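If you want the building blocks of each chain, they are given just below.
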Amino acid sequence: MKPPPLKNDCFALPRGVNWVPVDTALDHLRRNLTGVKGQEVVKIHDAEARFLASDVTAVTANPPTANSAVDGYGFAGGASAGEHSLPLHKGRAAAGAAFHGTVPVGAALRILTGAVLPEGVETVVLEEDVNASSAQIAFNGPLKRGANTRDAGEDAKAGDVIAHCGQRIRSQEIAIFAACGIGEVQVYKPLRIGVLSTGDEIAEAGTPPVQGRIYDANRPMLLSLVRRWGFQPVDLGHVGDDRDALRHSLDKAATQADVILTSGGASAGDEDHVSALLAEAGAIDHWRIALKPGRPLALGIWGDIPVFGLPGNPVAAFVCTLIFAAPAFRVLAGGNWRSPSGFTVPAAFSKNKKPGRREYLRARLNADGAVEVFGSEGSGRISGLSWADGLVELPDGAMDIGPGDKVHYIPFACFGE
Ligand code: AMP
Ligand code: MG
């Protein structure tokens, strides 16, 4: 029997196989995944990275009262063009030390930033624009009525919805909650993400080198991504290419995590036990997704826990986690679906892209704002991930790219938001 002819492109698509486009795969996840976590109430101080389980309504307005936006002098009405001179009223209004009295019409009061506007003050003239003595101030108009002041509720009114169910809480949301009198929010419990490495060749980082073994790069990388994205990482360790041991590991994992990320053993080969087990459980969607670097990706359910069976190659595992797992985690955690935001930049490279698969290139911006790509596309080249700040996403179809051509760039920081 003749051996099969050699392929000169090892990424050529096998004949007769249906490749799922990236967008179809993402659409499938988007339509089929739902939140898996219960709810709890947490203090806003502990709410960072959580997903809101209900809309948040302002209890108090921000700002609660009209106040001065600058250090200066307050008076009633505006000021027409030309010179003005006003007698200084006795006293002072400062933030946290209000002036309790009425400023007479035609007089001015010393007022500091953040001070509640006293009765009789509608406008503030900036300290720097004023000549002041102990008895009076002089300045040049015009000044609109209300200049240099902030209206009560101009940012948010009591009762306004200031954040929506499914939205992720960041530092900025914590600020507006605090400003609007909210101390606690209803959120989903944290998503626990288990990370398991597979393969007989894998050794723990930091142990003495052993002939024929490679260090486990995926597990520390994935645990760190999970942590950085604000989920709860669960270290499930490493298991060899042994189906029973893997079955045992997955059973245990399903009691400790809400979703499992495995790496390695996801193809259809003899030692690809992750895909074999998921197939045995009758719950595999063994997707041959048309992306590079990436294949294979085994998506399945173990018990009732979703499993992302990532490829073993660290670059492919990283890219698949960014593209598929990150938006999925967000939904499982109670958030709404979100595509990573990127932007269009000129290419600082040339490439002749073949049709059939979406490609993600390790990339970073240069000083001119054009995007460079890493010299090697090899999916074992972890140094290229470290070199890069993001990915260039090339469309499924063919593309002939030269310097200056527009390409889509997604910074790493835009994934897992
Ligand atoms: P597999 O998907 O199991 O066929 O693995 C593909 C390639 O990735 C092989 O060269 C593996 O040795 C390598 N690999 C698998 N798991 C890891 C890991 N945890 N860290 C680094 N390389 C890995
Ligand atoms: Mg393997």
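Per-chain numbering applies: the sequence of each chain, read as written, is numbered from 1 onward. Starting at A for chains and at 1 for ligands, labels are handed out in the order in which the entities are written. Restriction of local features to residues with pLDDT of at least 70 applies here, the model being predicted, together with a cutoff of 80 or more for giving and counting side-chain atom pairs; totals for whole chains, interfaces and linings are based on all residues. Remark: hydrogens and water are excluded; side-chain values derive from all non-hydrogen atoms of the structure.

J.: An account of helix H4 (residues 243-256) is requested, with residue identities and associated values reported.
T.: Numbering of helices and strands starts at the N terminus; helices are DSSP runs of H or I of at least 4 residues and strands are runs of E of at least 2. By this rule the span expected of a helix is its residue count minus one, scaled by 1.5 Å. The first and last C-alpha atoms of H4 sit 20 Å apart over 14 residues, in line with the 20 Å expected at 1.5 Å per residue. Per-residue accessibility, obtained with a 1.4 Å probe over protein chains only, is compared with the maximum for each type, and a residue is labelled buried under 20%, exposed over 50%, and partly exposed between these values. Listed as buried for H4 are Leu246, Ser249, Leu250 and Ala253. Along the axis of H4, the buried residues cluster in a sector spanning 100°; they form a single face. Turned more than 90 degrees off the buried face of H4, the exposed positions are Asp244, His248 and Thr255. The inward-facing, buried residues of H4 contact strand S13 (192-198), strand S16 (232-239), strand S17 (259-263), helix H5 (273-280) and strand S20 (297-302). A 3.5 Å cut-off defines polar contacts: any pair of N or O atoms within that distance qualifies, except that in protein one atom must be a possible hydrogen donor and the other a possible acceptor, and neighbouring residues in sequence count only when both atoms are side-chain atoms. The distance from a side-chain oxygen at the start of H4 to the backbone nitrogen of aspartate 244 is 3.0 Å, and the residue carrying that oxygen is aspartate 242. As used here, the arc is the angular range of directions from the helix axis to the C-beta atoms. Any two residues whose heavy atoms approach within 4.5 Å are treated as being in contact.

J.: Any details on the pattern of salt bridges? Residues and values, ideally.
T.: Oppositely charged side chains may form a pair once their charged atoms are brought near each other. We define a salt bridge as a side-chain nitrogen of Lys or Arg found within 4 Å of a carboxyl oxygen belonging to Asp or Glu. What the rule picks out here adds up to 19 salt bridges. A salt bridge links arginine 145 to glutamate 122, with the shortest nitrogen-to-oxygen separation between them at 2.8 Å. In this pair, arginine 145 is assigned in the loop between strand S9 (136-143) and strand S10 (149-150) and glutamate 122 in the loop between strand S6 (108-111) and strand S7 (123-126), connecting sequence segments 23 residues apart. With relative accessibility at 60%, the residue arginine 145 sits in the exposed group. Given a relative accessible area of 30%, glutamate 122 falls into the partly exposed group. For arginine 219, the salt bridge is made with glutamate 204, and the minimal N-O distance between the two is 2.5 Å. Taken as a pair, arginine 219 in helix H3 (residues 218-228) and glutamate 204 in the loop between strand S14 (202-203) and strand S15 (214-215) lie far apart in primary sequence, 15 residues in all. For arginine 219, a relative accessible area of 5% puts it in the buried group. The partly exposed category is assigned to glutamate 204, whose relative accessible area is 44%. Linked through salt bridges whose partners overlap, the residues forming this network are Asp23, Arg358, Glu393 and Asp396.

J.: Can you tell me about the domain arrangement of the protein, naming the residues and giving the values?
T.: In this document the domain limits rely on a domain assignment from an automatic tool or a database. Entries for the protein in the domain assignment read domain 1 (19-38 + 191-332), domain 2 (49-61 + 156-188), domain 3 (67-150) and domain 4 (343-414). Put simply, the middle of domain 2 and the middle of domain 4, counted by C-alpha atoms, are 38 Å apart.

J.: Please set out the site of ligand 1 residue by residue, giving values where relevant.
T.: Proximity criterion: a residue is near a molecule or strand once any of its heavy atoms comes within 4 Å of it. Near ligand 1 there are 14 residues, and of these Glu201, Asp216, Ala217, Gly265 and Gly312 occur at the shortest range. The separation between an oxygen atom of ligand 1 and a polar side-chain atom of glutamate 201 is 2.6 Å. At 3.0 Å from a nitrogen atom of ligand 1 is found a main-chain nitrogen or oxygen belonging to alanine 217. Each accessible area is a Shrake-Rupley result for a 1.4 Å probe, and residues are judged covered by the shown protein chains and nothing else. When isolated, ligand 1 has an accessible area of 490 Å², and the protein chains bury 75% of it. Residue polarity is assigned by list, with Asp, Glu, Lys and Arg as charged and Ala, Val, Leu, Ile, Met, Phe, Trp, Tyr, Cys and Pro as nonpolar; anything else, Gly included, falls into the polar class. Split by residue class, the shell around ligand 1 holds five nonpolar, seven polar and two charged.

J.: Describe a negative patch on the surface, and please don't skip the residues or the numbers.
T.: On the surface, a cluster of negative charge is made up of Asp200, Glu201, Asp242, Asp270 and Glu271. Note that glutamate 201 resides in the loop between S13 and S14. Residues forming no salt bridge and having over 30% relative accessible area are the ones grouped into patches, like charges within 9 Å of each other and nonpolar side chains (Val, Leu, Ile, Met, Phe, Trp, Tyr) within 5 Å. In this tally, Asp and Glu contribute negative charge and Lys and Arg positive charge; neither His nor the terminal groups of the chain are included. Every charge is mapped onto a representative atom, which is NZ of Lys, CZ of Arg, CG of Asp or CD of Glu.

J.: Explain the packing of helix H1 (residues 22-32) against helix H6 (residues 314-332) to me, and be specific about the residues and the numbers.
T.: Following both chains from N to C, one finds H1 and H6 inclined at 15°, their axes separated by 10 Å at the closest point. The orientation of H1 relative to H6 falls into the category roughly parallel. Crossing angle aside, the handedness with which H1 passes H6 is right-handed. Residues Val22, Ala25, Leu26 and Leu29 of H1 lie in contact with H6, whose contacting residues are Ile323, Phe324 and Pro327. Helix axes are fitted to C-alpha atoms over the stretch in contact, other axes to C-alpha atoms as well, and angles between N-to-C directions run from 0 to 180 degrees. Each angle receives one of four descriptions, namely roughly parallel if under 35 degrees, roughly antiparallel if over 145, roughly perpendicular if within 65 to 115, and oblique otherwise. In this scheme, a crossing is called left-handed if the near helix is turned counterclockwise away from the far one by less than a right angle; it is called right-handed if the turn is clockwise.

J.: With reference to specific residues and values, describe the nonpolar core.
T.: For soluble globular proteins, nonpolar side chains are generally found buried alongside one another. Here, nonpolar core refers to any group of buried Ala, Val, Leu, Ile, Met, Phe, Trp, Tyr and Cys residues whose side-chain atoms link them within 4.5 Å. Counting residues in hydrophobic clusters, the biggest one holds 51 residues, and the most contacted among them are Phe231, Leu261, Phe324 and Phe329. For this core, the element with the most residues is H6, which contributes 14 residues. Setting aside anything within four residues of it in sequence, one finds leucine 261 in contact with Ile193, Gly194, Val195, Leu196, Leu222, Val226, Phe308, Leu310, Thr321, Ala325 and Phe329. Grouped together as the second largest cluster of nonpolar side chains are 17 residues, Val56, Ala58, Phe177 and Val185 included.

J.: I'd like a rundown of the packing of H3 against H6, residues and numbers included.
T.: Across the interface, H3 lies against H6 with an axial gap of 11 Å and an inter-helix angle of 30°. If you check the angle between H3 and H6, you find them roughly parallel. Of the two elements, H3 crosses H6, and the hand of that crossing is right-handed. Judged by residue contacts, Asn218, Met221, Leu222, Leu225 and Val226 of H3 engage Pro314, Ala317, Phe318, Thr321, Leu322 and Phe329 from H6. Grouping the amino acids of the contact of H3 with H6 by side-chain chemistry returns nine nonpolar, two polar and no charged.

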